[in-house]
Amino acid sequence: MNAMPEPLRLPGLVDLHVHLRDPGQTAKEDFLTGTGAALAGGFTTVLDMPNNAVPVTTSELLEAKGSVARSRIVCDTGLYLGSLGEDLAELSDPSGLAWGLKLYLNRTTGGYLLDAERLSDVFLAWHGRGPILVHAEADVIGTVLAASRATGRRVHVCHVSRRAELEPILAAKADGTAVTCGVTPHHLFLTEDDARRLGPFGEVRPRLAPRPDVDFLWEHLDGIDVVESDHAPHTTADKEQGAFGFPGLETTLPLLLQAEREGQLTRADIVGKCALAPRTILGLPEQPDTVVEIEPVEFEIGSTGLLTRAGWTPFAGRPGFGRVHRVTLRGERVFEDGQVLAAPGSGRLLRPSS
Ligand code: DOR
Ligand code: ZN
């Protein structure tokens, strides 16, 4: 008789870049479905971006968002503040809920864009805890790194997708600039060929890249601090209308574990980039007695059975490895065999100030 294979055990993973759409766009996702998808994907901490239907650019809006989150979350959740460069006073003493400041320097969902000329002023105005996180593609990455160097503010560059972004970041790191960066699974596992194949379902910002850029990311994985899903749920109807972004919370871990099997990275890379480094970058609290148990099976990723309200994935048809069987958070069973067991509101709304 064959013994059951031993489950894999991982610490609770951290995704420092998700869009849970709540409040304002709960037809796409809400705090309950989004944090449930996180647990299903092995993530026990997520950090939510401020490009809600009403951009979260004031402490008042951030606290209001926190109140919505508090009653619905099933895993630990932190929030970022945003800025359009308009009310710099909001950045000097932000709400104690802000884990960082997110700035968009390229156009994407919500048309929430900061003029790069405002960058140094915004950097200098930020006196909150945590880094400034930027959506900054190749055309503006130099401006961002110069602003970080000039102001001393710590920067995290989200979703690097091209050599022309990563190369200057690696050079800045070597020079001692306080910069970290993240990569998404879609920029590691998909290319512009997939974008063509997927049509509107392949639209994401930054765009999926040519193969040589994707190869450059893999070749310099050691210089990329974190893997961040950029979970950006949109309904299939919204995608057909041209919305940018992919859900990713439930596919990140199986894609990475499959890549581990294929020798593209190690288990230590996965734990480092999906738990240790995001925790260090943000100063997140530890989660004692927290473990993710994973059934070691290969399967074909598909759009059925996902907990995200978006209900589809651009990775359908690809092999994934590892099904999350059970998640224990602070000693409580919060997820098992496809079911969220935690009650809405039982996750912690994290405050960096406490
Ligand atoms: O494709 C994207 N979708 N890129 C972003 O920067 C934002 C995200 C979203 O919120 O939908
Ligand atoms: Zn994002």
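Thresholds applied
Residues numbered from 1 in each chain as written. Chains lettered and ligands numbered in written order. Predicted model: local features only at pLDDT ≥ 70, side-chain atom pairs only at ≥ 80, totals over all residues. Heavy atoms only, no water. Core = buried A, V, L, I, M, F, W, Y, C linked by side-chain atoms within 4.5 Å. Buried < 20%, exposed > 50% of the residue type's maximum accessible area, 1.4 Å probe, protein only. Contact = heavy atoms within 4.5 Å. Donors = N, O, S within 2.8 Å, 3.2 Å for Na, K, Ca; no water. Helix = DSSP H or I, 4+ residues; strand = E, 2+ residues; numbered from the N terminus. Near = heavy atom within 4 Å. Polar contact = N/O pair within 3.5 Å; in protein donor to acceptor, adjacent residues only side chain to side chain. Areas by Shrake-Rupley, 256 points an atom, 1.4 Å probe, with all protein chains shown as cover. Nonpolar A, V, L, I, M, F, W, Y, C, P; charged D, E, K, R; others polar. Axes fitted to C-alpha atoms, helices over the stretch in contact; angles between N-to-C directions. Parallel < 35°, antiparallel > 145°, perpendicular 65-115°, else oblique.

### Quick notes on the nonpolar core
1) Next: Ranked by size, the top nonpolar core spans 91 residues in total, and within it Leu103, Val134 and Val157 carry the most contacts.
2) Next: Residues contacting Val157, with those up to four places away along its chain left out, are Val134, Ala136, Ile141, Ile169, Val179, Thr180, Cys181 and Gly182.
3) Next: Grouped together as the second largest cluster of nonpolar side chains are 16 residues, Leu47, Tyr104, Ala277 and Leu284 included.

### Considerations on the coordination of the zinc ion (ligand 2)
1) Next: Taken together, the protein donors to the zinc ion (ligand 2) comprise His17 (NE2), His19 (NE2) and Asp230 (OD), at separations of 2.0 to 2.2 Å.
2) Next: Sequence positions of the residues that donate to the zinc ion (ligand 2) give the spacing H-x1-H-x210-D. One end of the pair, His17, is in strand 2 (residues 13-18); the other, Asp230, is in the loop between strand 9 (226-227) and helix 9 (236-240), with 213 residues separating them in the sequence.

### A word on the site of ligand 1
1) Next: Around ligand 1 sit 13 residues, and of these Arg21, Asn51, Thr108, Thr109 and Arg205 come closest.
2) Next: Contacts to ligand 1 include His135, whose side-chain N or O atom sits 3.1 Å from an oxygen atom.
3) Next: Gly245 places a main-chain nitrogen or oxygen 3.3 Å from an oxygen atom of ligand 1.
4) Next: Protein coverage of the free-state accessible area of ligand 1, which is 290 Å², stands at 100%.
5) Next: Looking at the shell around ligand 1, its residues break down into four nonpolar, seven polar and two charged.

### Remarks on the packing of helix 10 (residues 252-261) against helix 11 (residues 267-282)
1) Next: It is at 9 Å that the axes of helix 10 and helix 11 come closest, and there the two elements cross at 150 degrees. The pairing of helix 10 with helix 11 is recorded here as roughly antiparallel in orientation. Residue-level contacts link Leu253, Leu256, Leu257 and Glu260 of helix 10 to Arg267, Ile270 and Cys274 of helix 11.
2) Next: When grouped by side-chain class, the residues that make up the contact of helix 10 with helix 11 number five nonpolar, no polar and two charged.

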